[in-house]
Amino acid sequence: MEKLSTPFGEIKILIDGKPVMFHAQEGRKIEVTCPDLLGRYHITVRFLPDGKEHTIACVFEPDCSYERTLESGERLECQSFYNDSKFKMSIGVEGDMLSGEYDYDVEYLGNGMAYLLNANTKTDYYAFGIAWIDNVELDNRIDENNDRRDAETWYGADPSIPL
C-alpha cells in the first residue's frame with residue numbers, strides 16, 4: 001500500500017470500509033490556475049461492479065483539528081479542509097449530485113469523499129484528486145491574494161484536469 005502524507009494526516013483508500021492498496025500519481029503545478037500548490041495527486045481505483053452496493057472512499061486519518069467546506073462545481077464534487085496551521089486541502093471526485101448524469105452517487109464524508117455504487121452502476125473507474133496549499137485561512141479569505149491562493153486547491157483537486 002502506498003502512503004500519501006498530507007498536512008492533515010495519512011490518505012487511505014477504502015472499499016466498503018476496508019483499506020486497499022493504491023498508487024498516488026503526483027501532478028505538476030499549473031502556472032495559470034494552481035502555481036503555489038505544495039502537493040497535487042490523483043488516485044485512481046478500478047472496481048468491477050457486481051450488481052451490489054459498494055462504497056469507494058478517499059479519507060485521511062486526522063492528526064490535527066480542522067474545519068471543512070463544500071466547494072463543488074460543474075462535474076466536480078469537492079470538499080476542502082482547513083487546519084489551524086493555515087493549510088488547506090481539497091479532495092475532489094468526478095460527479096454531479098444534481099444532474100443524474102452518473103450511474104453512481106457521491107458522498108461528502110467528515111474526513112474525505114466517497115463514491116456510492118448501486119445495483120445499476122456500470123462504471124469501473126473512479127478517480128480522486130487531492131491538493132493542498134499553505135498560508136490560507138478559512139476565516140480570512142477577504143484579500144485578493146488569499147482568495148486566489150484559496151482557489152488553487154479547487155483546481156488542483158479536479159480529477160478531470162490532466163496531471
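None of the values given here were measured: they were computed from a predicted structure.

Some words on the environment of F22
Next up, step 1: Counting through the fold element by element, F22 comes out in the loop between β3 (18–19) and β4 (24–26).
Next up, step 2: F22 gets classed as buried once you look at its relative accessible area, which sits at 8%.
Next up, step 3: Along the backbone, F22 and K3 are 19 residues apart, and their C-alpha atoms lie at a distance of 8.4 Å.

As for the side chain of T153
Next up, step 1: Relative to the assigned elements, T153 resides in helix α1 (residues 144–156).
Next up, step 2: Its relative accessible area of 0% is what places T153 among the buried residues.
Next up, step 3: A polar contact is formed between the side chain of T153 and the side chain of S90, at a distance of 2.7 Å.
Next up, step 4: Excluding its chain neighbours within four sequence positions, the residues that come into contact with T153 are L37, S80, K88, S90, A131, W132 and I133.

A look at the pairing of strand β12 (residues 125–133)
Next up, step 1: Of all 9 residues in β12, 8 are buried; the element is thus mostly enclosed.
Next up, step 2: Bridging between strand β5 (residues 39–46) and β12 involves 8 bridges; their strand directions are antiparallel. Within β12, the position partnered with Y41 by the bridge is I130.
Next up, step 3: Inspection of the sheet shows strand β9 (residues 88–94) paired to β12 by 6 bridges, in the antiparallel sense. Within β12, the residue paired with M89 across the bridge is W132.

About the cut-offs
Residues numbered from 1 in each chain as written. Predicted model: local features only at pLDDT ≥ 70, side-chain atom pairs only at ≥ 80, totals over all residues. Heavy atoms only, no water. Helix = DSSP H or I, 4+ residues; strand = E, 2+ residues; numbered from the N terminus. Buried < 20%, exposed > 50% of the residue type's maximum accessible area, 1.4 Å probe, protein only. Polar contact = N/O pair within 3.5 Å; in protein donor to acceptor, adjacent residues only side chain to side chain. Contact = heavy atoms within 4.5 Å. Pairing = 2+ DSSP bridges.

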